[in-house]
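Below, each chain spelled out in residue letters.
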Amino acid sequence: MAVAVRSGRGGSGGGSVLGSFFSYRIFVSAMFTLLFLATLSVLFSSHPVLETEGNTYVGGTFLALQSDPLKTRLDLIHNQANNHMALVNVYAMYARKLKLEISEQLKMFNDLAKNFSDIQLKPTYLTALFESEGPIDEDVLRQFEKEVKDKVKIARLMITESKESYDNQLKIQKLKDTIFAVHELLLKAKKNGAVASSIAAKSTPKSLHCLAMRLMEERIAHPEKYEDDEPKPEFEDPSLYHYVIFSDNVIAISVVVNSVVKNAEEPWKHVFHIVTDRMNFAATKVWFKMRPIQGGAHIEINAMDNFKFLNSAYAPVLRQLESANLKKYYFETRADSTTKDINNMKFRNPKYLSMINHLRFYLPELYPKLRKVLFLDDDVVVQKDLTPLWKIDMDGKVNAAVDTCFGSFHRFSEYLNFSHALIKEKFNPRACAWAFGMNMFDLDAWRWEKCTEQYHYWQNLNEDRTLWKLGTLPAGLVTFYSTTKSLDKSWHVLGLGVNPSISMDEINKAAVIHFSGDMKPWLDIGMNRYKNLWSKYVDNEMEFVQMCNFGM
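From a predicted model like this one, the values you see are computed outputs, not experimental measurements.

Peer 1: Pulling in residues and values, what's your account of the sheet that holds strand E5 (residues 298–303)?
Peer 2: Strand order in the open sheet made by the 7 strands is E5-E4-E3-E6-E9-E8-E10, with mixed pairing throughout. Two strands lie at the open edges of the sheet, namely E5 and strand E10 (484–487), each paired on one side alone. Geometrically, the sheet is characterised by an average inter-axis angle of 25 degrees between neighbouring strands, direction not taken into account. Pairing between strand E8 (residues 399–402) and E10: 4 bridges, direction parallel.

Peer 1: Got a sec to walk through the nonpolar core? Specific residues and values, please.
Peer 2: Counting residues in hydrophobic clusters, the biggest one holds 66 residues, and the most contacted among them are Phe-272 and Leu-376. In terms of residue count, the dominant contributor to this core is helix H8 (residues 250–263) (9 residues). If sequence neighbours within four positions are ignored, Phe-272 has contacts with Tyr-243, Ile-245, Val-257, Val-260, Val-261, Ile-293, Ala-297, His-298, Ile-299 and Glu-300. Listed in part, the 47 residues of the second largest apolar core include Phe-361, Tyr-367, Phe-412 and Phe-427.

Peer 1: Go over the packing of H8 against helix H9 (residues 278–290), please, and point to the residues and values.
Peer 2: Contact geometry of H8 with H9 gives a least axis separation of 10 Å together with a crossing angle of 40 degrees. The pairing of H8 with H9 is recorded here as oblique in orientation. Once H8 is placed against H9, the crossing between them reads as right-handed. For the pair formed by H8 and H9, the contact residues are Val-250, Ile-251, Ile-253, Ser-254 and Val-257 on the first element and Asn-280, Ala-283, Thr-284, Trp-287 and Phe-288 on the second.

Peer 1: Summarise the pattern of salt bridges; cite the residues concerned and give the values.
Peer 2: Between side chains of opposite charge, a pair can form as their charged atoms come close. Scanning all chains against the criterion turns up 16 salt bridges. A salt bridge links Asp-228 to Lys-285, with the nearest nitrogen and oxygen atoms 2.8 Å apart. Separated by 57 residues along the polypeptide, Asp-228 in the loop between helix H7 (206–221) and strand E3 (241–246) and Lys-285 in helix H9 bring together distant segments of the chain. Under the relative-accessibility criterion, Lys-285 is labelled partly exposed at 22%. Across the salt bridge formed by Glu-236 and Lys-369, the nearest N and O atoms sit 3.4 Å from each other. One end of the pair, Glu-236, is in the loop between H7 and E3; the other, Lys-369, is in the loop between helix H13 (363–366) and strand E6 (372–376), with 133 residues separating them in the sequence. In this structure Glu-236 comes out as partly exposed when scored by relative accessible area, which is 44%. Take Lys-369: its relative accessible area is 54%, and that puts it in the exposed class.

Peer 1: Account for unusual backbone geometry, naming residues and giving values.
Peer 2: For Asp-395, which is not a glycine, the phi torsion comes out positive at approximately 55 degrees. Tracing the backbone through its elements, the reader meets Asp-395 in the loop between strand E7 (380–382) and E8.

Peer 1: Go over H8, please, and point to the residues and values.
Peer 2: In an α-helix, one full turn covers 3.6 residues, which means residues spaced three or four apart are oriented alike. In this model H8 runs 20 Å from its N-terminal to its C-terminal C-alpha over 14 residues, within 8% of the 20 Å that 1.5 Å per residue would give. The buried count for H8 comes to 11 of 14 residues, which makes it a mostly enclosed element. Taken together, the buried positions of H8 are Val-250, Ile-251, Ala-252, Ile-253, Ser-254, Val-255, Val-256, Val-257, Ser-259, Val-260 and Val-261. Of the residues that open H8, the one with a side-chain oxygen 3.3 Å from the backbone nitrogen of Ile-251 is Asn-249.

Peer 1: An account of the layout of surface pockets is needed here, citing residue identities and associated values.
Peer 2: The space that makes up the second largest pocket amounts to roughly 650 Å³. Lining the second largest pocket are 28 residues, and of these Asp-229, Phe-235, Ile-299, Glu-300 and Ile-301 sit closest to its centre. Of all the elements in the fold, those that place two or more residues in the lining of the second largest pocket are H9 and E5. Looking at which element gives the most residues to the lining of the second largest pocket, the answer is E5, with 5 residues. Class assignment of the residues belonging to the lining of the second largest pocket gives a composition of 15 nonpolar, 3 polar and 10 charged.

Criteria and cut-off values
- Residues numbered from 1 in each chain as written.
- Predicted model: local features only at pLDDT ≥ 70, side-chain atom pairs only at ≥ 80, totals over all residues.
- Heavy atoms only, no water.
- Pairing = 2+ DSSP bridges.
- Helix = DSSP H or I, 4+ residues; strand = E, 2+ residues; numbered from the N terminus.
- Axes fitted to C-alpha atoms, helices over the stretch in contact; angles between N-to-C directions.
- Core = buried A, V, L, I, M, F, W, Y, C linked by side-chain atoms within 4.5 Å.
- Buried < 20%, exposed > 50% of the residue type's maximum accessible area, 1.4 Å probe, protein only.
- Contact = heavy atoms within 4.5 Å.
- Parallel < 35°, antiparallel > 145°, perpendicular 65-115°, else oblique.
- Left-handed = near helix turned anticlockwise from the far one by under 90°.
- Salt bridge = Lys/Arg side-chain N within 4 Å of Asp/Glu carboxyl O.
- Expected span 1.5 Å × (residues − 1).
- Polar contact = N/O pair within 3.5 Å; in protein donor to acceptor, adjacent residues only side chain to side chain.
- 1 Å grid on protein atoms, 1.4 Å probe; cavity = no way out; pocket = protein on both sides within 12 Å on 5 of 7 lines; lining within 4 Å.
- Points joined across faces, edges and corners; volume = space filled by probe spheres on them.
- Nonpolar A, V, L, I, M, F, W, Y, C, P; charged D, E, K, R; others polar.

Written as structure tokens, this is what we have:
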């Protein structure tokens, strides 16, 4: 009788455990099924990403317009059916696997329960312990106790291993731990990606270095072909359209010039003033000798060193470059510099203290006989005739530029340190920032407002980087604070080197598109979505471009 009672209790406990196990498994399976279905539903219902080829949209929507609407609808239904069939098959596999695991655990627990019953049913224990009416044999009881404890130990181990399947709180905590671990891996991957992207952005591509070397070889091999030309009167004619480009990148300069000329209605009225560094001066001159500008446009090429007034006694940036503290900040390599302060890596880029970037603040002195110039960065592409810019009424302002603020973004507070008393006193943190990269400068108004002196004042104060950290834009914001006129946004669209979500409608309407950001189109990390907008202006017929394998 005693045996039957004990056996009945064991069976009841096993049924309760298995019932909990099945309930929990069904709950977890339902939960994960809903999560997966929701995620995959979003993915399957997303619109196809549009790729670009020139100015043409190529994608599912565009192709659909060229085909029978009913055929398109049929294809959509067919694809949805196939996708959900694949999803159902995956979950069928998961269900079979889950069923197998449940069957194995069920067999394991049944065997364990049977082991407990079998111990009690052994003839030795049954006779000596449960059916005997006399005193219990201590040796038999000790042996029985040992066997039971061994089985209990095994049962505890099995239950501990299976506890996760029955403990909802433990399961939730494990999921939280997994999410946290994945998040940490994501942060680490982002940090490594930022380091790699920064290194790639600062590096000179092999193809660009090759091009500069080939041009220099040509200059050395045939010096008679590349003697300096006499200055042309057009270089100082204020009635023409004058562009200024400061760059050490030969291929980028050529793309800017080509894009302007090819979209100009009267290219012979356009004059380009190129200033580069000593290293790239000869290469740039050879390029434009070998590949003259089409349409009768004019080009003047100068080395930065030719402007003798730019010395450390006059230009704050040159004086600051001689400072030991700034050299240490910008140029010292430290073991922790690539693992710490990742968010501020861009602030430590030496290009932001490069004189070629700060030349823009000396335009009236570089071109004393000109009245207006259009400043272009070397990472822009011109898509329309820009001559209407010279007809815009500047309202007495020095700088005409496109505003970049929207909502609370790109306000002065993002670029300047408003905890500094002088910045807080002089500027409004809500003032709208504007873009450097395509700027019309009225040089007469500049001279009247003494903007270069203003720039010197602020740049001198910022030697310790307490007013701002990042290069020329903050310096421009403070220099032209009250002397900037806002242009329509269609003149200048930015972000093609950082933002993959700019609409092609916005890009196609823009007069100038700007590959601002690290992912320049001449780099391997450039975004393929926009590269064709730049590469179509590359002179691929130039022999050195082919030899250096630009891969355009």
